[in-house]
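# Architecture and fold: a report
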Amino acid sequence: MVPLALGSDTGGSVRQPAALCGVSGFKPTYGRISRHGLVAFGSSLDQVAPLARSVRDLATLTRALAGPDGRDATALDTTLGRTGDGDALDGLRVGVPREFFPDALDADVRAVVEHALDDLRARGAQLVDVTLPLVPAALSTYYVLAASEASSNLARFDGVRYGVRVAGDGSLASMMARTRTHGFGAEVKRRILLGTYALSSGYHDAWYGRAQAVRAALTANFARLFADTVDVLAGPTSPTPAFPLGERADPVAMYASDVLTVPASLAQLPALSVPCGFVERDARRLPVGMQLIGAHGADALVLDAGAAFQGATTHHRDAPCTKESAR
Amino acid sequence: MTGAWRTVIGLETHVQLGTHTKLFCGCANEFGAPPNANTCELCTGQPGSLPLLNERALRLAVRAALALDADVAARSTFDRKNYFYCDLPKGFQTTQYVAPYASGGGVALDDGSFVRLTRIHMEEDAGKAIHDRGDTTLVDLNRAGVPLIEIVTEPDLSNAEQAFEYLTKLKEVLVYAGVSDCDMEKGSLRCDVNVSVHREDEPLGTRVEIKNLNSFRNVRAAIEHEVERQTRALDDGTAIVQETRLFDVDANATRTMRVKEDEDDYRYFPEPDLPPALVTDEVLRVERAAIPELPTARRARYANELGLSEYDAGVLTAERATSDFFDAALRAADPGAAKLLANWTTNELLAATADPDVPGAALDELRVSPADLAALVALVERGEIHSAAARTVLRETLRSGRAPDDVVRELGLAQASDPAEIEAWCTAAIDADPRATEQVRAGNGKAIGALIGAVMKRSQGRANPEVVRSVLTRMLEVDA
């Protein structure tokens, strides 16, 4: 339908749809693309993120969007750098963190990604087993921090200046409360409450404070790996292939699908999802995504590695099959 | 036996920085604009808007800290203070909670005590909710995002008078440093007071915060009333409740606004949209250099080096413009002319700024320059004109801006000391007033004053009164 699309990726909201739908999605380094105009959810995590059929197209769009616009104080002051190195995989040190292959990982997804890793090796990459011990703590850390920031960012939707307003009993507080009760959906309310709780006095240190500490330690974990051992990290983007609509009514089960994308979000690293094969489910071929994560600011290297992978494979050109089209 | 009651006071003062634009956007920082004229996507809290720190605000904040002898942090951070109110467009105030940009420093009081500063932090102002227009509340967001510094003292003050003096000196320093106009009527300086009372030999008492103080006089009055209220309650055995009280000017008393349990939980956390504020050595150097000699130092110099009275020194330094004008005139004058310059500055020039017939409503708008004043005073000192004539010259310079020397020449106001010319005026005066002449001849020494006055009038003030007296004395053959 379209060659290029834009989304925003706070904890994986571009990379995961890309993986589950068989397209390429890229969350640049935090600050690479201005957030001006983007409705804020988790301000320290939000990034504008492009989707496309190929990584080459992603690189073109990223280049068009990247760079400071003078309206976002958190913009990176470094440039994207050159992209288009066709031999990017040659000698590339690809770290494979064992924490990216948890027990909960779908066995078929695991097999497809392991096959893709073999393809990388066949193209000259050097696979390195590494460990990121804080990755299992990333999910809860992310949900505390993102919800905390969201509880503050969504405070402006109070019915005073714009948008929906529901009349109160005459007091400002009741107008605001009724407006927000009416205007927000259940999931947004859940996150606002979660974030408000995590920031409340008496709980702040145990929740928000601890999450900040884990985030800092995780970021240091990543930085050390990139400084000493690897050029990129690879693993699955999502622990499962696409699931039937409405299957995950339990919010915690839904949150769990973010387990592999939130680590790069917390560490503000560039992360790419590329189609890397298919699994069979109920006679459907469902796409699987491989995630490539780079060091802070190494967007060009991640894009080049992804483009080189697509140069050697055809997954990104294969359309997923629905039940109907499979017949 | 228990000790005497002691009062412990700490002040939190909010000062608007005199920037052209707001703290995080390009909207004008201006008082009195039509409601919501100075607003944009950021200060109305539109989704997708982001803050950018106003470098000029940071510099003025740094200058304020340096003028108050505070230590400026090379790196400070911003936090969000979350609460809901109709005048708070984003649902949070961006402030500095964990790592303020300055700490330490203080203000010396005349009694030798020193009021230490705990911290100074930057933050944005909220908008204004207007409740007195019928049953709806109106919101004006012109003030939302105006840069503030909050200056927090240690609980070093022990009475209302000290609080008054602290605020007066604080304002002087900030106005002299060009940080703010500190005009309480426009809300550019606002003050909250923390007061507690305890027995001399006992731990500190429960603290009560007083808000809504719109003048230094009200700060003093509110403290006096609050101390009296607390002391009376404690004497009666009633415990003080930790609360926020408002000062009611009409009732001349404080009343409960909210108790501690009702206070918001502000849920502070680091502002993710702003990187740390960095202050380089170069910024420190430039802002330190921008601080003029402060009023306390000027008063000491005027009294000690120039021999001016404490009163004159006070009048000269009440406004920086007056003191700057005086100092500039001083540089252009003889060192001995200080007292005369001070008199002319405080009497004639300050009166002229208030005179609607004189162009210019402030010293630096008058058509008299400091050099003009020095020249005028020099003419008087050298005896070339006397003071009555000098006032005529000043009026002319104030009107036309022409240099005093030129005015003296053009109007022929130089004192006449030529005996022949003076004799002619004296002869005319004697002929015109035989009664006074007779009295002088009869030995009434005081009557000569009438003749001298007549001569002065005929000479249009040019005659030297001393020469006139000796000529008249000789002509009427009386003993001097």
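The rules we used
Residues numbered from 1 in each chain as written. Chains lettered and ligands numbered in written order. Predicted model: local features only at pLDDT ≥ 70, side-chain atom pairs only at ≥ 80, totals over all residues. Heavy atoms only, no water. Phe/Tyr/Trp six-rings, centres within 6.5 Å; stacked < 30°, edge-to-face > 60°. Lys NZ or Arg CZ within 6 Å of the ring centre and 35° of its normal. Axes fitted to C-alpha atoms, helices over the stretch in contact; angles between N-to-C directions. Helix = DSSP H or I, 4+ residues; strand = E, 2+ residues; numbered from the N terminus. Parallel < 35°, antiparallel > 145°, perpendicular 65-115°, else oblique. Left-handed = near helix turned anticlockwise from the far one by under 90°. Contact = heavy atoms within 4.5 Å. Nonpolar A, V, L, I, M, F, W, Y, C, P; charged D, E, K, R; others polar. pLDDT = per-residue confidence, 0-100. Patch = residues over 30% accessible without salt bridge, like charges linked within 9 Å, V, L, I, M, F, W, Y side chains within 5 Å. Areas by Shrake-Rupley, 256 points an atom, 1.4 Å probe, with all protein chains shown as cover. Salt bridge = Lys/Arg side-chain N within 4 Å of Asp/Glu carboxyl O. Core = buried A, V, L, I, M, F, W, Y, C linked by side-chain atoms within 4.5 Å. Buried < 20%, exposed > 50% of the residue type's maximum accessible area, 1.4 Å probe, protein only. Pairing = 2+ DSSP bridges. Right-handed = clockwise from strand over helix to strand, strands pointing away. Domains from an automatic or database assignment.

A few words now on the packing of aromatic side chains. With the rule as written, the count across this model stands at 14 aromatic pairs over all chains. The structure contains a cluster of three or more aromatic residues connected by ring pairs, namely Tyr83, Tyr97, Tyr266 and Tyr268 of chain B. The ring centre of Phe278 of chain A lies 4.0 Å from the NZ or CZ of Arg285 of chain A, which sits over that ring. The ring of Phe92 of chain B carries Arg80 of chain B above its face, with NZ or CZ at 4.0 Å from the centroid.

We now examine the packing of helix H2 (residues 160-176) of chain B against helix H3 (residues 216-235) of chain B. Residues and elements named next belong to chain B. Two elements in contact, H2 and H3, have axes whose closest approach is 8 Å; the angle formed by their N-to-C orientations is 160 degrees. Considered as vectors, H2 and H3 are oriented roughly antiparallel to each other. H2 and H3 meet at a crossing whose hand is right-handed. Judged by residue contacts, Ala160, Glu161, Ala163, Phe164, Leu167, Thr168 and Lys171 of H2 engage Phe216, Arg217, Val219, Arg220, Ile223 and Glu224 from H3. Residues of the contact of H2 with H3, tallied by class, amount to seven nonpolar, one polar and five charged.

The next point concerns the confidence of the model for chain B. On average, residues of chain B score 92 in pLDDT, and 98% of them reach the 70 mark or higher. Taken over the whole predicted complex, pTM reads 0.88, whereas the ipTM for its chain interfaces reads 0.94.

So, about a nonpolar patch on the surface. On the surface, a nonpolar cluster with roughly 320 Å² of combined accessible area is contributed by Tyr197, Tyr203 and Trp207 of chain A. By the element assignment, Tyr197 of chain A lies in helix H6 (residues 186-199).

In terms of nonpolar packing, the biggest core is built from 68 residues, with Phe222, Leu233, Leu272, Met290 and Ile293 of chain A touching the most fellow members. Excluding residues that lie within four positions of it along the chain, Met290 of chain A makes contacts with Ala116, Leu117, Leu120, Gly235, Thr237, Leu272, Ser273, Val274, Cys276 and Phe309 of chain A. Formed by 67 residues, the second largest nonpolar core is a distinct cluster that contains Leu17, Leu117, Ile210 and Phe216 of chain B.

Attention now moves to the packing of helix H5 (residues 295-304) of chain B against helix H7 (residues 320-331) of chain B. Residues and elements named next belong to chain B. At their nearest, the axes of H5 and H7 sit 12 Å apart, and the two run at 40 degrees to each other. Put simply, H5 runs oblique to H7. Read as a crossing pair, H5 and H7 show a hand that is left-handed. On H7, the residues touching Arg298, Arg301 and Tyr302 of H5 are Arg320, Ser323, Asp324, Phe326, Asp327 and Leu330. Looking at side-chain class alone, the contact of H5 with H7 contains three nonpolar, one polar and five charged residues.

Now for the pairing of strand E5 (residues 126-130) of chain A. Residue and element names in this part refer to chain A. Alignment of strand E4 (residues 93-97) against E5, held across five bridges, turns out to be parallel. Bridge pairing links Gly95 to Val128 in E5. In this region the chain leaves E4, passes through helix H3 (residues 107-122) and returns to the parallel neighbour E5; the handedness of that crossover is right-handed.

Turning next to the domain arrangement of chain B. Splitting chain B by domain gives domain 1 (5-283), domain 2 (293-411) and domain 3 (419-476). Domain 1 of chain B and domain 3 of chain B are separated by 68 Å when their C-alpha centres are compared.

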